[in-house]
Amino acid sequence: MPELSPAASARPLTVRPPAARSRFTQGALPILAAALLWGTTGTAASFAPAGATPAAVGGAGLVLGGLLLLAGARGAAALLRSTGRGRRPLLAVGALAVAGYPLAFYPAVARTGVAVATVIALGSAPVFTGLLAWAARVDRPGPRWIAATAAAVLGCALLVLGGGGAGAADRTDLMGVALAALAGLSYALYSLVGGHLIGEGHAPGAVMGVLFGAAGVLTLPVVLASGAAAWLPTARGAAVVLHLALLTTFLAYRLFGHGLRRTTAAAATTLTLAEPAVAALLGVAVLGERLTPLSWTGLGVLGLALAALSRGVRRSAGAPAARSTAP
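## Thoughts on the nonpolar core
As a rule of thumb, soluble globular proteins bury nonpolar side chains together.
Turning to step 1, where the next piece is worked out: W38, Y101, Y190, F212, Y253 and F256 are the most contacted members of the largest nonpolar core, which has 65 residues in total.
Turning to step 2, where the next piece is worked out: Ranked by the residues each element gives to this core, the list is headed by helix α6 (residues 88-112), at nine residues.
Turning to step 3, where the next piece is worked out: The contacts of Y190, once residues within four sequence positions are left out, are G94, A97, V98, Y101, L211, F212 and Y253.
Turning to step 4, where the next piece is worked out: Among the nonpolar cores identified, the runner-up in size contains 13 residues, and A52, V57, A228 and V241 belong to it.

Here it is, written out as structure tokens:
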């Protein structure tokens, strides 16, 4: 073994605390991975058969993926048994919020266009989460979260609204804007409910399984009424729904639930703003779309904001997962 020089031996060794590494790899990283999977939704849905509405495609993915989450969840029955009467309304609110997201978001897309609906839904979700967490005294978002969220929302807006193709046809529709905001509120609600139950010590898989399994049952009548039986048995229809069910629902929400063990819901909803960045890059690589300079600027701002927030999650290691403070 080579000897250390006196100067080198005098310097204290800098070792990153194991808790900091685990907080990043078990908190921010799984959530960013989930956002990457969610970013493939639009590209996958573009291959759906003609006549398949976006709401029907997304709803079918939620039904199958939710039931898979429930079937693969260990401790789901124990969770239902252990939750008293005071917790069952919380589970019901979470399940309704999960089911409400696609039922609000896709009609918003039809009324306002992809760009406006995406910015309002994804951009409002972290804001709703922070406000609800503060009002419920679950968590008080800190200055790092506020700054990173503001920058991430700005980057998301520049990225999506700066696009020339889909963004040019977008239009202002008050009902569509309200539906997109409702989708953001739904996302915030089920993130908070899931994070709260996981923070109480329930297994992430059980929490996500119960919430999404119940949401799948609630969404099934809507999917059947939309005429899904006409295109779902086709090869393309089945392939698209399987992609949405297995990757963007089952796997993505297993990762999301795992990340909520060491990340607050406020930070998690901000980190998932990486989704439109992934979708934009896939559109360039797979669908041949082009981004404007404004969109590339937004992509850069969004990336820096998420990197800063991820670093904050890593640095804030040491606080208990159930009571962690937002960066």
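## A closer look at a nonpolar patch on the surface
Turning to step 1, where the next piece is worked out: Where nonpolar side chains cluster on the molecular surface, the patch consists of L64, L68, L242, L246, L247 and L251 and spans about 430 Å² of accessible area.
Turning to step 2, where the next piece is worked out: The set of elements that each furnish at least two residues to the nonpolar patch consists of α4 (54-71) and α12 (235-259).
Turning to step 3, where the next piece is worked out: Here the nonpolar patch takes four residues from α12, the largest share from any one element.

## Some points on the packing of aromatic side chains
Turning to step 1, where the next piece is worked out: As enumerated under the stated definition, the model contains 10 aromatic pairs in all.
Turning to step 2, where the next piece is worked out: Aromatic pair Y101 and Y187: ring centres 6.3 Å apart, planes at 70 degrees, arrangement edge-to-face. In this pair, Y101 is assigned in helix α6 and Y187 in helix α10 (residues 174-199), connecting sequence segments 86 residues apart.
Turning to step 3, where the next piece is worked out: By relative accessible area, which is 4% here, Y187 ends up buried.
Turning to step 4, where the next piece is worked out: Consider the rings of Y190 and F212, whose centres lie 5.9 Å apart with planes at 80 degrees: the pair is edge-to-face. Within this pair, whereas Y190 is found in helix α10, its partner F212 is found in helix α11 (residues 204-225), the two being separated by 22 residues in sequence.
Turning to step 5, where the next piece is worked out: An aromatic cluster is built from W38, Y101, F105, Y187, Y190, F212, Y253 and F256, whose rings are joined through pairwise contacts.

## Focus on α4
Turning to step 1, where the next piece is worked out: Look at α4: 26 Å from first C-alpha to last across 18 residues, which is about the 26 Å you get at 1.5 Å a residue.
Turning to step 2, where the next piece is worked out: Among all positions of α4, only A56, V57, G58, G59, A60, G61, L62, V63, G65, G66 and L69 are buried.
Turning to step 3, where the next piece is worked out: For α4, the secondary structure elements touched by its buried residues are α3 (41-45), α6, α11 and α12.

## A short note on the packing of α11 against α12
Turning to step 1, where the next piece is worked out: Interaxial distance between α11 and α12 falls to 9 Å at its minimum, and their mutual angle equals 130 degrees. In terms of axis orientation, α11 runs oblique to α12. Every pair of crossing elements has a handedness; the one defined by α11 and α12 is right-handed. Residue-level inspection shows P204, G205, M208 and F212 of α11 in contact with α12, the latter providing T249, Y253, R254, G257 and H258.
Turning to step 2, where the next piece is worked out: Of the residues in the contact of α11 with α12, the class split is four nonpolar, four polar and one charged.

## Considering the packing of α10 against α11
Turning to step 1, where the next piece is worked out: It is the contact of α10 with α11, at a shortest axis distance of 9 Å, that shows an interaxial angle of 145 degrees. Here α10 and α11 pass one another in a crossing that is right-handed. Two secondary-structure elements touch here, α10 through Y190, V193, G194, L197 and I198 and α11 through P204, V207, M208, L211 and F212.
Turning to step 2, where the next piece is worked out: Class assignment of the residues belonging to the contact of α10 with α11 gives a composition of nine nonpolar, one polar and no charged.

Reading the values: rules and limits
Residues numbered from 1 in each chain as written. Predicted model: local features only at pLDDT ≥ 70, side-chain atom pairs only at ≥ 80, totals over all residues. Heavy atoms only, no water. Core = buried A, V, L, I, M, F, W, Y, C linked by side-chain atoms within 4.5 Å. Buried < 20%, exposed > 50% of the residue type's maximum accessible area, 1.4 Å probe, protein only. Helix = DSSP H or I, 4+ residues; strand = E, 2+ residues; numbered from the N terminus. Contact = heavy atoms within 4.5 Å. Patch = residues over 30% accessible without salt bridge, like charges linked within 9 Å, V, L, I, M, F, W, Y side chains within 5 Å. Areas by Shrake-Rupley, 256 points an atom, 1.4 Å probe, with all protein chains shown as cover. Salt bridge = Lys/Arg side-chain N within 4 Å of Asp/Glu carboxyl O. Phe/Tyr/Trp six-rings, centres within 6.5 Å; stacked < 30°, edge-to-face > 60°. Expected span 1.5 Å × (residues − 1). Axes fitted to C-alpha atoms, helices over the stretch in contact; angles between N-to-C directions. Parallel < 35°, antiparallel > 145°, perpendicular 65-115°, else oblique. Left-handed = near helix turned anticlockwise from the far one by under 90°. Nonpolar A, V, L, I, M, F, W, Y, C, P; charged D, E, K, R; others polar.

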